[in-house]
Amino acid sequence: MSSFSDIQLPQSAPLSALRQLAAFTFAAMISATANYLGTQSGINFFDWWQLKCDNGRQVWHFSPPQEYQHVEFDTAEGRELIAEMIKAYVFDKSKNPNSQDKVFRNKYANTKTHKPENAEDALKKGWEYFAKLQEDDGHWAGDYGGPMFLLPGLIIVAHITQTEIPALHKALMVQYMLNHQNNDGGWGLHLEGKSTMFGTCLQYVSLRILGAADNVALENARTWIQQNGGATGIPPWGKFYLSCLNVYEWQGCNSLLPELWLLPKSLPIHPSNYWCHARMVYLPMSYCFAVKLKAPETSLTYELRKELYTQDYHKIDWQKARDTCAEADKYHPVHSAFNVLNFFSNGYEKIASASLRNKAADYAYEYIQAEDLQTDYINIGPVNKVMNMLCVWHREGNKSIAFKKHRERLFDYLWVAEDGMKMQGYNGSQFWDTAFAVLAMKEVGVEKSFANNYRQAIEYTRKQQIAEEPYQWNKFFRHTSKGGFPFSTQVHGWPITDCTAEGVKILLNELPDSPTANEIQNISNPIDLL
């Protein structure tokens, strides 16, 4: 890493507005990370989690000191140690519900600093600290959490597929959800949101699955659910998850009409015309609806059926429940066109052809397989990632190679911060953050002073350019990808237009006076994509 003693900032003109903004932003960042917690019983538990990166892939590993490596966490000693560790992750969301990435930045918590004398001095301090946070593979990592409905999807699917979540991960997941419980006992759509039936039911079910103690927090959550009408009022995505878990009935869901995949692609309602994220979530949902996927009944199933509803589970009018939505979850009136679509699609369910339904399920699964291969089982995002995994379990079992690859990739989405373990909204924002850092270094003129950091970052961004078109991209409604840049990693493989634009800027900045044919092609491909 470079030192600020070597920095020579441009002196020919006053700091630009952008440079002043950068200066004060970095000064604020230094201030925000000055006071660190994580210490209990003289042990800094933040030190026990280490982020390991490989060409952008981010996976957190538990790495305790040598004297604790013998501990088995299913023993009394292990449980006691977990309980002590969890105390370090108690988080007060009332001050600011967003974490400051204190676990990730823990190793630099005691960095000596001084109050900057002016904007230029603050800029120097900021870059010196920021340089320390760069990963060895060249990118900058960080927390990309926030939505509260992501982690429950992982927990529910892991439960259904009998995928074991490590004990330490479980403990931090439980603490994360408890940390972000609202004062009224519920949870919102995201960590700053008001309580909703969607957020509250999913967190409550997840805590029960993970074996959280039946304490005041769970009691308050049950009370909130009951007082707000019960789980029949959960919105459609919640109805889907609970149906798969077998604590809600599929007949209480509006038809997902899997046969849409079999319609002519020229029709506007064909799923190929949907926005990519909507399409890739509808895909596994339509498969699960087609096969009416249900988890086996257990004692927990019966308990949740009692706890989530305001009446006897077997007396619920499921047809009425299809359109029931809790007041807390209503953001906009349902459009009449949607009601018409539901009327006809639900009517079709009464006469649906078994052969057509099976054909639609087969097509959906073939498409799921293609998405898995195109993204190396990362998938476009966290929602379809766990849903695809669920479909693979149903079709091929949890001993299959495809399922094992899905299981390995779950950890790419997990992030540890001072508020616990969360599921991120993507497998990270690696390219996006690093591209902005590279362009900022160029803008403020520190790329020579931090030549090593700059070179590593440039190398990382270049490696993330998508070199080839994805597997069967034409068959499965993908636009061209070759030459584009992703939000996270090249392996993820979905190009993003604004990320690609930033990538082009970087390539143009680094283009030599006499570029090779390959260097020109690397620029022309993303421009053609845009």
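The model shown is predicted, which means the values in this text are computed figures rather than measured ones. (Residues numbered from 1 in each chain as written. Predicted model: local features only at pLDDT ≥ 70, side-chain atom pairs only at ≥ 80, totals over all residues. Heavy atoms only, no water.)

1. Description of the overall build of the protein chain
Right, on to step 1. The helix and strand inventory of the protein chain stands at 19 helices and six strands.
Right, on to step 2. Taken over the C-alpha trace, the protein chain has a radius of gyration of 25 Å; the compact-globule value for 530 residues is 24 Å, and the two agree within 12%.
Right, on to step 3. The C-alpha extent of the protein chain, read off along each of the three principal axes, is 75 × 60 × 45 Å.
Right, on to step 4. Expressed as a percentage of its 530 residues, the buried residues of the protein chain come to 54%.
Right, on to step 5. In the protein chain, 74% of the contacts between residues at least 6 apart in sequence involve partners at least 24 apart.
Right, on to step 6. Counting only carbon and sulfur atoms, one obtains 53% of the accessible surface of the protein chain, whose full area is about 24300 Å². (Helix = DSSP H or I, 4+ residues; strand = E, 2+ residues; numbered from the N terminus. Rg over C-alpha atoms; globule rule 2.2 N^0.38 Å. Buried < 20%, exposed > 50% of the residue type's maximum accessible area, 1.4 Å probe, protein only. Contact = heavy atoms within 4.5 Å. Areas by Shrake-Rupley, 256 points an atom, 1.4 Å probe, with all protein chains shown as cover.)

2. Here we look at the pairing of strand E3 (residues 49–54)
Right, on to step 1. Taken together, the six bridges between E3 and strand E4 (residues 57–62) define a ladder with antiparallel strand orientation. When the sheet's bridge partners are listed, leucine 51 is paired in E4 with tryptophan 60.
Right, on to step 2. Hairpin connection, E3 to E4: the antiparallel pair is bridged by two residues, and asparagine 55 has positive phi, about 50 degrees. (Pairing = 2+ DSSP bridges.)

3. Some remarks on unusual backbone geometry
Right, on to step 1. With phi around 50 degrees, asparagine 55 is a residue other than glycine that occupies positive phi space.
Right, on to step 2. Relative to the helices and strands, asparagine 55 resides in the loop between E3 and E4.
Right, on to step 3. Non-glycine residue aspartate 101 carries a positive phi angle of around 60 degrees.
Right, on to step 4. Relative to the assigned elements, aspartate 101 resides in the loop between helix H2 (76–87) and helix H3 (119–132).
Right, on to step 5. For aspartate 101, a relative accessible area of 6% puts it in the buried group.

4. So, helix H6 (residues 197–209)
Right, on to step 1. Helix length check: H6 (13 residues) gives 18 Å between terminal C-alpha atoms against 18 Å at 1.5 Å per residue, within 8%.
Right, on to step 2. Positive backbone phi, at 80 degrees, marks glycine 211, one or two positions downstream of H6. (Expected span 1.5 Å × (residues − 1).)

5. Details of the packing of aromatic side chains
Right, on to step 1. Applying the stated criterion across every chain, the model contains 35 aromatic pairs.
Right, on to step 2. Taking 5.4 Å as the distance between ring centres and 85 degrees as the angle between the ring planes, the aromatic pair formed by phenylalanine 343 and phenylalanine 344 counts as edge-to-face. With respect to class, phenylalanine 343 is no different from phenylalanine 344; both count as exposed.
Right, on to step 3. Taken together, Trp261, Tyr274, Tyr282, Tyr363, Tyr367, Phe476 and Phe477 form an aromatic cluster joined through their ring pairs.
Right, on to step 4. One cation-aromatic arrangement involves lysine 194 over tyrosine 331; the distance from NZ or CZ to the ring centre is 5.6 Å.
Right, on to step 5. Geometry around phenylalanine 289 places lysine 292 over its ring, the cationic atom sitting 3.8 Å from the centre. (Phe/Tyr/Trp six-rings, centres within 6.5 Å; stacked < 30°, edge-to-face > 60°. Lys NZ or Arg CZ within 6 Å of the ring centre and 35° of its normal.)

6. What to know about the packing of H3 against helix H16 (residues 430–444)
Right, on to step 1. The geometry of H3 relative to H16 is characterised by a closest axis approach of 13 Å and an angle of 145 degrees between their N-to-C directions. Crossing geometry of H3 relative to H16 is assigned as left-handed. Counting all contacts with H3, which are made through Leu123, Trp127 and Phe130, the residues of H16 involved are Ala437, Ala440, Met441 and Val444.
Right, on to step 2. Along the lines of polarity and charge, the residues of the contact of H3 with H16 split into seven nonpolar, no polar and no charged. (Axes fitted to C-alpha atoms, helices over the stretch in contact; angles between N-to-C directions. Left-handed = near helix turned anticlockwise from the far one by under 90°. Nonpolar A, V, L, I, M, F, W, Y, C, P; charged D, E, K, R; others polar.)

7. Focus: the nonpolar core
Right, on to step 1. Membership of the largest hydrophobic core comes to 144 residues, with the highest contact counts inside it found for Trp49, Tyr89, Leu154, Ile155, Met173, Leu308 and Tyr309.
Right, on to step 2. If one sorts the elements of this core by residue count, helix H9 (residues 276–291) sits on top with nine residues.
Right, on to step 3. Filtering out sequence-adjacent residues up to four positions away, leucine 308 remains in contact with Cys201, Tyr204, Val205, Ile225, Gln226, Gly230, Ala231 and Val247. (Core = buried A, V, L, I, M, F, W, Y, C linked by side-chain atoms within 4.5 Å.)

8. Structural notes on the side chain of glutamine 430
Right, on to step 1. One can find glutamine 430 in helix H16.
Right, on to step 2. Exposure remark for glutamine 430: the relative accessible area of 1% places this residue in the buried category.
Right, on to step 3. When sequence neighbours within four positions are dropped, the list of residues in contact with glutamine 430 reads Gly56, Gln58, His139, Trp140, Tyr460, Phe487, Ser488 and Thr489.

9. Points about the pairing of strand E6 (residues 420–423)
Right, on to step 1. Taken together, the four bridges between strand E5 (residues 414–417) and E6 define a ladder with antiparallel strand orientation. Counted as the bridge partner of tryptophan 415 is lysine 422 from E6.
Right, on to step 2. Hairpin connection, E5 to E6: the antiparallel pair is bridged by two residues.

10. Side note on the confidence of the model for the protein chain
Right, on to step 1. Per-residue confidence for the protein chain gives a mean pLDDT of 91, with 92% of residues at or over 70.
Right, on to step 2. Contacts for the low-pLDDT stretch residues 1–36, under 50 throughout, to residues beyond four places or in other chains number 69 contacts. (pLDDT = per-residue confidence, 0-100.)

11. Comments concerning the environment of valine 103
Right, on to step 1. With respect to the helices and strands, the residue valine 103 is situated in the loop between H2 and H3.
Right, on to step 2. Relative accessible area serves as the criterion here: at 4%, valine 103 is assigned to the buried category.
Right, on to step 3. Remark: the alpha-carbon pair of valine 103 and leucine 133, spanning 30 residues in sequence, is separated by 12 Å.
Right, on to step 4. If we skip the residues at most four places from it in the chain, valine 103 touches Phe46, Trp49, Trp60, Tyr89, Val416, Ala417 and Glu418.

12. Focus on the pattern of salt bridges
Right, on to step 1. Across all of its chains, the model carries 18 salt bridges by this definition.
Right, on to step 2. Arginine 57 serves as the salt-bridge partner of aspartate 412, at 2.9 Å between the closest nitrogen and oxygen. Remark: arginine 57 occurs in strand E4 and aspartate 412 occurs in the loop between helix H15 (401–409) and E5; sequence separation between them is 355 residues.
Right, on to step 3. The exposure class of aspartate 412 is buried, given its relative accessible area of 2%.
Right, on to step 4. For lysine 87, the salt bridge is made with glutamate 84, and the minimal N-O distance between the two is 3.4 Å. With a gap of three residues between them, lysine 87 and glutamate 84 both fall in helix H2, about one helical turn apart.
Right, on to step 5. Lysine 87 gets classed as partly exposed once you look at its relative accessible area, which sits at 45%. (Salt bridge = Lys/Arg side-chain N within 4 Å of Asp/Glu carboxyl O.)

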